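# Per-entry structural report
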Amino acid sequence: MKESKLVNFFIYLFLIVFTIGTLYPVLNVFSISLRPGDKLLSTSLEIIPDNATFKSYVELFTNRDFLLWIWNSTFISLVVTITGVVLASTAGYALSRFNFIGKQLSMTGIIITQMFPATMLLLPMYIMLIELGLLNSYFGIIIVYTSTALPFCVWQMKGYYDTIPFSLEEAARIDGCTRFQAFYKIILPLAAPALVITALFSFMAAWSEYIVAAQILQDTKLYTLPLGLKSFQSNLTTEWGLYAAASLVVSIPVVILFVVLSKWLVSGLTLGSVKG
């Protein structure tokens, strides 16, 4: 009994220390965003600094193109998310339910693409976009983000479909459903956790990506949030107050998504990842 209490004590102690270590950097960024201009490089550990001000937030929304960057990132991320969910849900279903020539080769190809970093594909995609006349455009960046996110999403959906019994579809077919009706009326609702993971992964792949966007988007009117935040940094100085304020605002949609979708996240990640 005493041993059990001692184990629980160390578990709670570890969790408390881990939580503090996780939250402190976020609180430190919040503190920097509230500092007046002459105290940005202060080493004080205060969460609420002396003479705290929201000047950086006001400057961000009134005198900078922050709202334009939010619109660009939101539009691109939503299109990538919708495209990724539609393509991954149908491709994963085909790989799970049908036997066709090249199926095993396709699945092997999907796995192989995950072994290389996305930056390795940057040069061929850059040349392809030049040839298609899509460089420096919404359509070009959406194609790149969707194509890099799809392999994981397809594999995730395929693994989840494998956990759903065939007998459910057969019962629906006996009751008069076509194959397509059995797919979207029976299978898709049961695959909601995997669809949530697919949507979240696709959204994150576009929302926070910087390296690919920096090569493809050169018009400042097309800048996404990561490119906009990078513009606060120059050779001589960095606007740390704006940088911190913008970083916190950018993270809010992602936090809301994780909280709203949390009840589907665990089952979607575990079930979809153990079936191959």
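Residues numbered from 1 in each chain as written. Predicted model: local features only at pLDDT ≥ 70, side-chain atom pairs only at ≥ 80, totals over all residues. Heavy atoms only, no water.

### Concerning the pattern of salt bridges
Stated precisely, the cut-off is as follows: Should a side-chain nitrogen of Lys or Arg be within 4 Å of a carboxyl oxygen of Asp or Glu, the pair is scored as a salt bridge. Every helix listed is a DSSP run of H or I at least four residues long, and every strand listed is a run of E at least two residues long, numbered separately from the N terminus. When a residue's accessible area, from a 1.4 Å probe over protein chains only, is under 20% of the maximum for its type it is buried; when over 50% it is exposed; and in between it is partly exposed.
According to the stated counting rule, one finds four salt bridges in the structure shown. Measuring nitrogen to oxygen at the nearest pair gives 2.4 Å for the salt bridge that ties Arg97 to Glu169. One end of the pair, Arg97, is in helix α3 (residues 66-97); the other, Glu169, is in helix α7 (residues 166-174), and 72 residues separate them in sequence. The exposure classification of Arg97 matches that of Glu169, with both residues buried. Through salt bridges that share partners, Glu59, Arg64 and Glu239 make up one connected network.

### Some thoughts on the packing of α7 against helix α8 (residues 179-190)
We count it as follows: All axes here are fitted lines through C-alpha atoms, helices being fitted over the stretch that makes contact, and every angle between N-to-C directions spans 0 to 180 degrees. For this classification, under 35 degrees means roughly parallel, over 145 means roughly antiparallel, 65 to 115 means roughly perpendicular, and everything else is oblique. Left-handed is the label given to a crossing in which the near helix is rotated counterclockwise from the far helix by less than a right angle, and right-handed is the label when the rotation is clockwise. The contact criterion used is simple: two residues touch if any of their non-hydrogen atoms lie within 4.5 Å.
Where α7 meets α8, the axes come as close as 9 Å, and the angle between the chain directions of the two elements is 140 degrees. With respect to α8, the element α7 is oriented oblique. For α7 against α8, the interelement crossing comes out right-handed. Judged by residue contacts, Leu168, Glu169, Ala172 and Arg173 of α7 engage Arg179, Ala182, Ile186, Ile187 and Leu190 from α8.

### A closer look at the environment of Leu23
Here Leu23 shows up in helix α1 (residues 2-34). You can call Leu23 partly exposed: its relative accessible area is 47%. Sequence-wise, Leu23 and Gln156 are 133 residues apart; in three dimensions their C-alpha atoms are separated by 30 Å.

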